[in-house]
Each structure stands twice: as C-alpha cells, then as structure tokens.
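One-letter residues, chain by chain:
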Amino acid sequence: HFVLRYGAGAAQELGFGTREDQTSFALGKLLQIEALYEFLEDVFGFTLDTPALIVIDKQLKEIYGARPAGYVSPRDAEYGGRTVVHLSVDTISDSAILAHELTHALDNLCVGTSAPMWFAEGLAQMVENELVDARDVRHPTPIGFDAEGRNLLQLWSGHRRTGAGLPMDIRRNAYNHSYYILA
C-alpha cells in the first residue's frame, strides 16, 4: 500500500554504508507501516486504492527547525500532485511519530481535508498514544473560550509551529485535549 523514497541527502544523513543497508532499512520501515495500515484499516475502515508515497526528508530540520516529525502534503506539486507523507530523518525510527503521521495521511487520503484541526489531531494522537505508546496523555480540562464563548480548540487552524488562532500556553495542550474529546 506504500512506496518509500529517500529525499535528497536523506540516505547519507541516516549513515547507510551500502545500498543494501538502505534497502534493508526501507523494507523494515515498509513492514512497520503496513502493520499500522492494517490496524487503521480494521479500526477506521481506511483503505487505499493506490499506493501512498512516503518520503524521508533531510530538509525538514532545516526548514522548520528543532525536531520536526513530519507532515502530510495533500497535493504535493514536486511529486505530481499526489498526497505525500514527509518524514524527517530525525524521527523516521520513532514508532509513535510514524503512527501519528500515517494516521494523518490515511485520514487525508480516505476522508479528505474538511475535518476540523482538533479532530484530525485528536485522531492522530489517539492512534499514537493508544496503539504505539500505550500511555494516556488526555487533557480533560477545557482549554478556554474566546470572547463569543467558543471553545478555543475550534479556532485551531495550524500546528504548534504556527499555532494560528491559539495563544502559546493553550497550544501546548491542544493536541492532548483533542485526543480527550475523541477518546
């Protein structure tokens, strides 16, 4: 159900000595990704008609700074307009992040991009925490209300790095509060 590619410089960044090492790593990741897919297919009914593209990128750290996990690009012009899951070389081996980003990809591919941010992030947090980490980080306390009485989570239109619509102190709990609502 998936195709894995290395972005420019990613294989070198991961320190592969040979082409066989690179291929072996990719096959291992694809097996792990297929297992996650089977879980998401069983639980949520997500199915793919065509293989999804996963790209391991070196540049994410340079673009976003710190330790970026990855992102899903719904219509990536660089890859012919197809949906692409970009994962950082720094986090490709982190099973929780892989589960989180794969959930976003399948949600995007199978459901579309119309779901509110809190739903998309809550779903990804739920899979990440309950399937992979087996830890409960739900945040039951409402994160606040705006002047019109709307839950601030409804205003969330971006991730932590942009945080459009949410003050910094609230963004820290937005992922976990979204998880709480869905769970």
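Residues numbered from 1 in each chain as written. Predicted model: local features only at pLDDT ≥ 70, side-chain atom pairs only at ≥ 80, totals over all residues. Heavy atoms only, no water.

1. What about the overall build of the protein chain?
Next, step 1: When helices and strands are counted, the protein chain shows six helices and four strands.
Next, step 2: In the protein chain, the succession of α and β elements from N to C terminus is β-α-α-β-α-β-β-α-α-α.
Next, step 3: Within the span of the protein chain, comprising 183 residues, buried residues form 44% of the whole.
Next, step 4: Residue pairs in contact within the protein chain that sit at least 24 positions apart in sequence constitute 66% of those at least 6 positions apart.
Next, step 5: Element-wise, carbon and sulfur atoms account for 50% of the exposed surface of the protein chain, whose accessible area totals about 9,400 Å². (Helix = DSSP H or I, 4+ residues; strand = E, 2+ residues; numbered from the N terminus. Buried < 20%, exposed > 50% of the residue type's maximum accessible area, 1.4 Å probe, protein only. Contact = heavy atoms within 4.5 Å. Areas by Shrake-Rupley, 256 points an atom, 1.4 Å probe, with all protein chains shown as cover.)

2. Quick notes on the sheet that holds strand S4 (residues 82-88)
Next, step 1: Across the sheet, which stays open at both edges, the four strands sit in the order S1-S2-S4-S3 with mixed pairing between neighbours. In this open sheet, the two strands that pair with only one neighbour each are strand S1 (2-6) and strand S3 (70-76). Going across the sheet, the axis of each strand differs from the next one's by a mean of 25 degrees, ignoring polarity.
Next, step 2: Judged from the five bridges that link them, strand S2 (residues 52-57) and S4 form a sheet pairing that is parallel. Residue Leu-53 lies in a different strand from S4, and its bridge partner there is Val-84. (Pairing = 2+ DSSP bridges. Axes fitted to C-alpha atoms, helices over the stretch in contact; angles between N-to-C directions.)

3. Let's talk about the packing of aromatic side chains
Pairs of aromatic rings are described using the distance from one ring centre to the other and the angle between the two planes.
Next, step 1: All told, the structure shown has four aromatic pairs when counted by the stated rule.
Next, step 2: Seen in terms of ring centroids, Phe-2 and Tyr-37 are 5.7 Å apart; in terms of plane orientation they differ by 80 degrees. Their pairing is edge-to-face. Of this pair, Phe-2 sits in strand S1 while Tyr-37 sits in helix H2 (residues 19-44), and the two are 35 residues apart along the sequence. With respect to burial, Phe-2 and Tyr-37 carry one shared label: buried. (Phe/Tyr/Trp six-rings, centres within 6.5 Å; stacked < 30°, edge-to-face > 60°.)

4. Re the confidence of the model for the protein chain
Next, step 1: Per-residue pLDDT for the protein chain averages 78, and the proportion of residues at 70 or more is 78%.
Next, step 2: No element of the protein chain has a lower mean pLDDT than helix H3 (residues 59-64), which averages 67, and none a higher one than S1, which averages 91. (pLDDT = per-residue confidence, 0-100.)

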